[in-house]
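Letter by letter, the chains look like this.
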Amino acid sequence: MSAATMTLTNVQIQRSPRHTATIYLKEAKYEFLKNLRLRMYTASVLSFPIMFYVLFGLVLNSKQAIGGTAVPTYLIATYGTFGVMGASLFGTAAGLASDRGLGWLQVKRASPMPPFAYFAAKVITSMTFSAVIVLALFALGITLGGVRMPAALFARLLGTLVAGSLPFSSMGLAVGYFAGPNSAPPTINLIYLPMSFCSGLWVPFMFLPKVVKQIALVLPPYHLSQLALGVVGAGTHESAATHWEVLIAFTMICLGIARIGFQRDQEKMYG
Amino acid sequence: MPATLDQTCNHGTLASEAIVASLQGVNKNYGNICALRDVDFRVRAGEVVALLGPNGAGKTTAVKLLLGLLQPTSGKARVFGGDPTNPENRMRTGAMLQVGRVPETLRVREHIDLFSSYYQSPMRAQDILATAGLENLGERKFGDLSGGQRQRVLFALAICGDPDLLFLDEPTAGLDVEARRMLWDQIRHIVSRGKTVLLTTHYLQEADALADRIAVINQGEIIAEGTPATIKAQTAGKRIRCITRLSLSTLRGIRGVIEAKEDREAMELHTGEAEPVLRELLARDATLSGLEISSAGLEEAFLALTQESSKSATHVTRSSFSEEMQ
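Since we're looking at a predicted model, the values are computed, not measured.

Caption draft 1: Examining the overall build of chain A more closely. Tallying secondary structure elements over chain A gives 12 helices and two strands in all. Along chain A, helices (α) and strands (β) appear in the sequence α-α-α-β-β-α-α-α-α-α-α-α-α-α when read from the amino end. Taken over the C-alpha trace, chain A has a radius of gyration of 19 Å; the compact-globule value for 271 residues is 18 Å, and the two agree within 12%. A principal-axis box enclosing the C-alpha atoms of chain A has dimensions of 60 × 40 × 35 Å. Taken over 271 residues, chain A has a buried fraction of 43%.

Now the structure itself:
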């Protein structure tokens, strides 16, 4: 443990702020490119929320409303949450688990890379993909679903959802530190799909069975989707502050778990 | 081993200045498994040292300790006189490790660009590509490269910061002869620029071809150290090959024969001294033909050394025990 802390605190090095910024920028850029070219990632993470939105929001129910909010608008919030969650979980956990388990992270750790840059790159990439998904939903909603909102509300919705990438990126880091390179993707699916359903991302929350509604109260995607719905005027009873608190608490817990994994790794035997 | 310690003490600061990497009385345990046992090992500036041993001997553990990726259970790992985890030291070292998977969707040039950005004064991308023999592969994605090309990319990432000290952990493992020779050329090229290199390998030929000094490691202990010539001299054996009617058991019975084996139509004997064995052979078999005598290669030297060390393991414990008793 003492060795691990030493490594953590020791890691500062005299670089100009500009040099450090360049490293962070490149790390993020290449992480983004890496995922963008990974068909597995883009196919599942980008296309699913968009396809679902087109099907259920534009093709099937576009003229209907959920509790006074037009379906195309409502579903931007919920499929937006779904997309952000997928992009963030897969963007962090799968890569981290494989880098860790198959030695690539060791090569990076042996170099003078600032360790934080590696994690920051994953989070920034997840947020970027999240923004891409949300913007794609906006574009589809506006052009094909007749979604109309003041620009400020679009901006707030985008901001809320992209900020909502943080709890799931943190969760991904925690999963990535404890799952193996091959078990990480199925583990994420096991978390991601049931959570999405129970949080009302597929079937609007009000139509869910009572038991499921109870469970949803402890699930982060529920709170993020309620925040997003709140922006478009379709939120339910809890206050926005409550939702933010839950998400922040959840983020802290996940980062704590990830940190335990990080320290454990410092003294672990590899291959 | 104590002799080496005394030497450093006597030569004082001068000698210690020249040492760029060292393991000092290092033990490393993984749970109950002892990966390194009381290892004292030094790499001096400008030297190419090969850590030679079979799989599981502790080579990779030694490298990871010197890279600060592992902490010794006891003893000290030092690089440039300081802690290997010190970022200043990491600026001056490069490492080629055994990796299961490298991000495959990034291009060679992109990998190099990213790693170069970590260093204060990296080499120019063009020079890195040329040095690693990747001139025409910069735009290729890592996933589209052959095994040899992949190893050369990892080599490029190790040298991109223009480091003073280079760690190469089994650089040619799993490569075919041609790819191996190509990587050797690249390593020689970087060595000619005055770099200090520690390489691990289980190919004796590789250690012989590249290193100024070889440390043979087996079961976590360094069992021999010296120039390739010294290592060979330590077992100064001869190999006799001949076609003979004598049976394997008869041959083994001849005084001076360490080992005998059948090799296609001929017999191969490993001896300490060839002459007495030869006299005996010729006296016993008048039809003996196809006689060849050669120096035992590094291969045999290595085999003899490692076998000796495992045989004498119990022996050593007993003798050190009796020393304590006295």
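Back to the text.
Caption draft 2: Layout of the sheet that holds strand β5 (residues 93-96) of chain B. Residues and elements named next belong to chain B. Across the sheet, six strands lie side by side as β5-β6-β7-β3-β8-β9; this open sheet has mixed pairing. Either end of the sheet is taken by a strand with one partner, and the two such strands are β5 and β9 (221-226). On average, adjacent strands in this sheet sit at an angle of 15 degrees to one another, irrespective of strand direction. With five bridges joining them, strand β3 (residues 48-52) and strand β7 (residues 196-201) adopt parallel strand pairing. Looking at the pairing, alanine 50 lines up with leucine 199 of β7. The strands touched by helix α6 (residues 147-159) within the sheet are β5 and β6 (165-169), with β5 carrying the most contacts at an inclination of about 165 degrees.

Caption draft 3: Local environment of the environment of isoleucine 188 of chain A. Residue and element names in this part refer to chain A. Its place among the elements puts isoleucine 188 in helix α9 (residues 184-198). On the neighbour-count criterion, isoleucine 188 (24 C-beta atoms within 10 Å) is buried. Residues isoleucine 188 and glycine 86, spaced 102 residues apart in sequence, show a C-alpha to C-alpha distance of 8.7 Å. Ignoring sequence-local partners within four residues, the contact set of isoleucine 188 consists of Leu89, Phe90, Ala93, Ala94 and Val175.

Caption draft 4: Representation of helix α7 (residues 151-163) of chain A within the structure. Residues and elements named next belong to chain A. Relative to the 18 Å expected for 13 residues at 1.5 Å per residue, α7 spans 18 Å between its end C-alpha atoms, a close match to the ideal helical length. Within the sequence span of α7, burial applies to Leu157, Thr160, Leu161 and Val162. Against α4 (71-101), α6 (115-144), α8 (165-178) and α11 (220-231) lie the buried residues of α7.

Caption draft 5: Structural view of helix α2 (residues 59-66) of chain B. Residues and elements named next belong to chain B. Where burial is concerned, most of α2 is hidden: eight out of the eight residues are buried. Residues of α2 that are buried include every one of Lys59, Thr60, Thr61, Ala62, Val63, Lys64, Leu65 and Leu66, and no others. At the C-terminal side of α2, glycine 68 shows a positive phi close to 75 degrees.

Caption draft 6: Structural detail: the domain arrangement of chain B. Partitioning chain B into structural domains gives domain 1 (2-227) and domain 2 (237-295). Computed over C-alpha atoms, the centres of domain 1 of chain B and domain 2 of chain B are 41 Å apart.

Caption draft 7: How the structure looks around the interface of chain A and chain B. Counting residues at the interface gives 28 residues for chain A, matched by 28 residues for chain B. Counting only elements with at least two residues in the side of chain A that touches chain B, the list comes to α1 (2-10), α2 (17-36) and α5 (104-110) of chain A. A total of seven residues in the side of chain A that touches chain B trace back to one element, the largest contributor, which is α2 of chain A. Here the side of chain A that touches chain B is built from residues that sort into 14 nonpolar, eight polar and six charged.

Caption draft 8: Geometry of unusual backbone geometry. Residue and element names in this part refer to chain B. Within the chain, phenylalanine 80 stands out as a residue other than glycine whose phi angle is a positive 50 degrees. Relative to the helices and strands, phenylalanine 80 resides in the loop between β4 (74-79) and α3 (87-91). Owing to 17 C-beta atoms within 10 Å, phenylalanine 80 belongs among the partly exposed residues under this scheme. Notably, glutamine 219 is not glycine yet its phi reads approximately 45 degrees, a positive angle. Note on placement: glutamine 219 falls in the loop between β8 (213-218) and β9. Classification of glutamine 219 by C-beta neighbours within 10 Å gives partly exposed; the count is 18.

Caption draft 9: Just the sheet that holds strand β2 (residues 33-44) of chain B, in detail. Residues and elements named next belong to chain B. Strand order in the open sheet made by the three strands is β2-β1-β4, with antiparallel pairing throughout. Strands at the two margins of the open sheet, each flanked by one partner only, are β2 and β4. Across this sheet, the average inter-strand angle for adjacent strands is 20 degrees, counted without regard to direction. Pairing between strand β1 (residues 19-30) and β4: five bridges, direction antiparallel. Residue pairing in the sheet places alanine 21 in a bridge with valine 79 of β4.

What counts, and where the lines are drawn
Residues numbered from 1 in each chain as written. Chains lettered and ligands numbered in written order. Predicted model: local features only at pLDDT ≥ 70, side-chain atom pairs only at ≥ 80, totals over all residues. Helix = DSSP H or I, 4+ residues; strand = E, 2+ residues; numbered from the N terminus. Rg over C-alpha atoms; globule rule 2.2 N^0.38 Å. Buried ≥ 20, exposed ≤ 12 C-beta atoms within 10 Å, placed from the backbone. Pairing = 2+ DSSP bridges. Axes fitted to C-alpha atoms, helices over the stretch in contact; angles between N-to-C directions. Contact = placed C-beta atoms within 7 Å. Expected span 1.5 Å × (residues − 1). Domains from an automatic or database assignment. Nonpolar A, V, L, I, M, F, W, Y, C, P; charged D, E, K, R; others polar.

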